[in-house]
Amino acid sequence: ISLALFLRLYKIENRAPFDWDQNRDYAAISDIAGGKPVLIGPVAGGEGGFFLGPLYYYLVVPAYLIMGGSPVSLPITSSILDVASIVLIVILLRKSLKDPLTLTLSFIWAISWFAIEASRVSWNVSLLQLWIVLFIYLLQTKLSSIKALIFGLTLGLTWHIHASLIPLSLLVSIFFIRHLGLNLKKILLITLGYAIALSPLIIFDLRHSGLERHLIYQFFVSSDAVTYPFAKVFVSVFSRFGKNTVAILTGTSDLHLWWGIIM
């Protein structure tokens, strides 16, 4: 963990990108720190997309205040969130993966050039690693009432991270549904957790005459992806999965279909 922090934070002020989207996020975080709450985050899919949630903005606020409004507070927060995912791997996945594999995965992520570079990019997707570890952990357990609520909250947080996670998380959950040990009470708690995560977007939608619902509808109706054949989607998804896997291990950045299928 110390090594991971050092590799990510060393001279971060010179190595973290600060482009137009970071500038947009900085303005929103400044508003929150100044006492002006924000209900929406970045736009999914660029122009014409729908709004994601503002969770990342609020997570940056403590570092923003401590550092006196410095723009470096954004990549520092992203890097710390990335290292926190290593902590979660050790804490939550230790029982299922056992110590050797848990520590190996943690060490690979700690020193991976790909992971280090990606951690310095400050945006809402910085929450992805944390979300993945928590999601995997919850899928491996019989859900108690409190875990059912957390599971629903975790599913709902996809609206704050990346648009592709929204349908993907639901599909994976359906695949594991028999393992989760659900009953009516737990389903209601999952629904409640999901609604809590979506509450900022729901409030925004109600205040703006259904604007968010309209944007979501237009986004999916106008997307060519909904007409893609399954084979094309399969190749695309697993090629990118393989690309990320190889990038973590070697630092290269090429599509790798077979690596994706194997992993």
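Everything here concerns the structure above.
Cut-offs applied
Residues numbered from 1 in each chain as written. Predicted model: local features only at pLDDT ≥ 70, side-chain atom pairs only at ≥ 80, totals over all residues. Heavy atoms only, no water. Helix = DSSP H or I, 4+ residues; strand = E, 2+ residues; numbered from the N terminus. Buried < 20%, exposed > 50% of the residue type's maximum accessible area, 1.4 Å probe, protein only. Contact = heavy atoms within 4.5 Å. Polar contact = N/O pair within 3.5 Å; in protein donor to acceptor, adjacent residues only side chain to side chain. Salt bridge = Lys/Arg side-chain N within 4 Å of Asp/Glu carboxyl O. Patch = residues over 30% accessible without salt bridge, like charges linked within 9 Å, V, L, I, M, F, W, Y side chains within 5 Å. Areas by Shrake-Rupley, 256 points an atom, 1.4 Å probe, with all protein chains shown as cover. Axes fitted to C-alpha atoms, helices over the stretch in contact; angles between N-to-C directions. Parallel < 35°, antiparallel > 145°, perpendicular 65-115°, else oblique. Left-handed = near helix turned anticlockwise from the far one by under 90°. Nonpolar A, V, L, I, M, F, W, Y, C, P; charged D, E, K, R; others polar. Core = buried A, V, L, I, M, F, W, Y, C linked by side-chain atoms within 4.5 Å.

**Student:** In this structure, what is going on with the overall build of the chain? I would like to understand it.
**Tutor:** Helix and strand counts for the chain stand at 14 helices and zero strands. When the helices and strands of the chain are placed in sequence order, the string is α-α-α-α-α-α-α-α-α-α-α-α-α-α. Considering only C-alpha atoms, the chain reaches an extent of 45 × 45 × 40 Å along its principal axes. Considering the chain as a whole, with its 263 residues, one finds that 40% of them fall into the buried category. Looking at the chain alone, contacts between residues at least 24 apart form 66% of all its contacts between residues at least 6 apart.

**Student:** Explain the side chain of D205 to me, please; I cannot follow it from the model alone.
**Tutor:** Mapped onto the elements, D205 comes out in helix α11 (residues 184-207). Separated by 3.3 Å, the side chain of D205 and the backbone nitrogen of L211 make a polar contact. Among the polar contacts listed, one links the side chain of D205 to the side chain of R213, at a separation of 2.4 Å. Look past the residues within four positions of D205 in its chain and what remains in contact with it is G210, L211, E212 and R213.

**Student:** Would you mind showing me how to read the pattern of salt bridges here?
**Tutor:** Any two side chains of opposite charge can pair, given that their charged atoms come close. Following the criterion strictly, the structure yields five salt bridges and no others. One salt bridge in this structure joins R8 and D82, with 2.7 Å as the shortest N-O distance. Here R8 is found in helix α1 (residues 2-9), whereas its partner D82 is found in helix α5 (residues 73-92), with 74 residues between them in sequence. Accessibility classification places R8 together with D82 in one group, the buried group. In this structure, the salt-bridge partner of E117 is R120, at a minimum N-O distance of 2.8 Å. Its relative accessible area of 32% is what places E117 among the partly exposed residues.

**Student:** Please clarify how a nonpolar patch on the surface should be interpreted in this entry.
**Tutor:** Where nonpolar side chains cluster on the molecular surface, the patch consists of L3, F6, Y10, F107 and I111 and spans about 490 Å² of accessible area. Within the secondary structure layout, F107 lies in helix α6 (residues 94-111).

**Student:** Can you walk me through the packing of α5 against helix α8 (residues 128-139) in this structure?
**Tutor:** The packing of two helices is summarised by the inter-axis angle and the distance between the axes. Taken N-terminus to C-terminus, the directions of α5 and α8 make an angle of 15 degrees; their axes are 8 Å apart at the nearest point. Classed by the angle they form, the pair α5 and α8 counts as roughly parallel. Where α5 crosses over α8, the two elements pack in a sense that is left-handed. For the pair α5 and α8, the contacting residues are L81, D82, A84, S85, L88, I89 and L92 in the first and Q129, L130, V133, L134 and Y137 in the second. Classifying every residue of the contact of α5 with α8 gives nine nonpolar, two polar and one charged.

**Student:** What exactly am I supposed to notice about the nonpolar core here?
**Tutor:** One broad trend across soluble globular proteins is that nonpolar side chains are buried collectively. Counting residues in each nonpolar core, the largest one holds 40 residues, and the members touching the most others are I29, F50, Y56, Y57, F151 and W159. When neighbours within four sequence positions are excluded, F50 is seen to be in contact with P42, V43, A44, W159, A163, I166, E212, L215, I216, F219 and F220. Within the second largest apolar cluster, six residues are counted, among which are A4, V83, A110 and A115.

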